[in-house]
Amino acid sequence: GECLYVNERWCGIAGLTPEEAQGQGWVQGLHPADREHVAQAWHEATNENRPFKAEYRFQRPNGTITWVLGESNSEVDDDGNITGYVGTITDITDHKRMEEQQRLAANVFESSYSGIMITDTEAHIVSVNHAFTRITGYASDEIIGQNPRLLNSGRHDRDFYREMWR
């Protein structure tokens, strides 16, 4: 875990200078909530002589957080002895933001009191929420793959449905 070298790109992602990252200094750049997790994952990987791989955050002094995927593999000499580790970090902040947005959208979808159905471009139902199943009486496995015409109430004429789908 003693850092000997980091490149300019690593510094840009982690928000540390090469001097700050030296030795155990890189650990100080980790988000406080991730330090123990990363240390434990690193310890397990090195003790078991397997590659290290973990998602964690760096936190800059101004509070900016960067999510990374950290990976490291051992370097060995001709006798098979481990001489060190070479690691990389990949900025996955945008990916993590997208995951969070998807999680929030899924929560809204599932917690809505309105029945919601999602169709593909060929008008096949691909997803429904719990309110939809409660309102219509259809179980999701009965309705997935069906055409929404299945829900025709008989109360409206064809023009109503044509306009709705338009």
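Treat the numbers as computed from the prediction; the structure is a model and nothing was measured.

Q: Looking at this structure, I do not really get the environment of Glu71. What am I missing?
A: With respect to the helices and strands, the residue Glu71 is situated in strand β2 (residues 65–76). Along the backbone, Glu71 and Glu55 are 16 residues apart, and their C-alpha atoms lie at a distance of 8.9 Å.

Q: How should I be thinking about the nonpolar core in this particular structure?
A: Counting residues in hydrophobic clusters, the biggest one holds 21 residues, and the most contacted among them are Trp10, Trp26, Leu30, Phe52, Tyr56, Phe58 and Ile89. Taken together, the elements giving at least two residues each to this core come down to α1 (8–14), α3 (25–28), α4 (35–47) and β1 (52–59). Not counting chain neighbours up to four residues away, the residues in contact with Trp26 comprise Gly1, Cys3, Trp10, Leu16, Glu20, Ala21, Val38 and Phe58.

Q: Sorry if this is basic, but what is going on with the pairing of β2 here?
A: The side chains of a regular strand alternate, first on one face of the sheet and then on the other. Sheet topology note: the β1/β2 ladder contains eight bridges and is antiparallel. Residue Gln59 lies in a different strand from β2, and its bridge partner there is Ile65. The antiparallel hairpin formed by β1 and β2 contains five residues in its connecting segment, where Gly63 sits at a positive phi of about 95 degrees. The pairing of β2 with strand β3 (residues 82–91) spans nine bridges and is classified as antiparallel. Each bridged residue has a counterpart across the sheet, and for Ser72 the counterpart in β3 is Gly87. Where β2 hands over to β3, the hairpin turn is made up of five residues, of which Gly80 adopts a positive phi near 85 degrees.

Q: Just to check I follow, could you spell out the pattern of salt bridges for this structure?
A: Note that side chains of opposite charge can pair when their charged atoms are close. In total, this model carries eight salt bridges according to the counting rule given. Note that Arg162 is salt-bridged to Asp159, the shortest N-O span being 2.6 Å. In this pair, Arg162 and Asp159 are both assigned in helix α8 (residues 158–165), three residues apart and thus about one turn of the helix distant. Among the residues examined, Asp159 registers a relative accessible area of 51% and is labelled exposed.

Rules used in this analysis
Residues numbered from 1 in each chain as written. Predicted model: local features only at pLDDT ≥ 70, side-chain atom pairs only at ≥ 80, totals over all residues. Heavy atoms only, no water. Helix = DSSP H or I, 4+ residues; strand = E, 2+ residues; numbered from the N terminus. Core = buried A, V, L, I, M, F, W, Y, C linked by side-chain atoms within 4.5 Å. Buried < 20%, exposed > 50% of the residue type's maximum accessible area, 1.4 Å probe, protein only. Contact = heavy atoms within 4.5 Å. Pairing = 2+ DSSP bridges. Salt bridge = Lys/Arg side-chain N within 4 Å of Asp/Glu carboxyl O.

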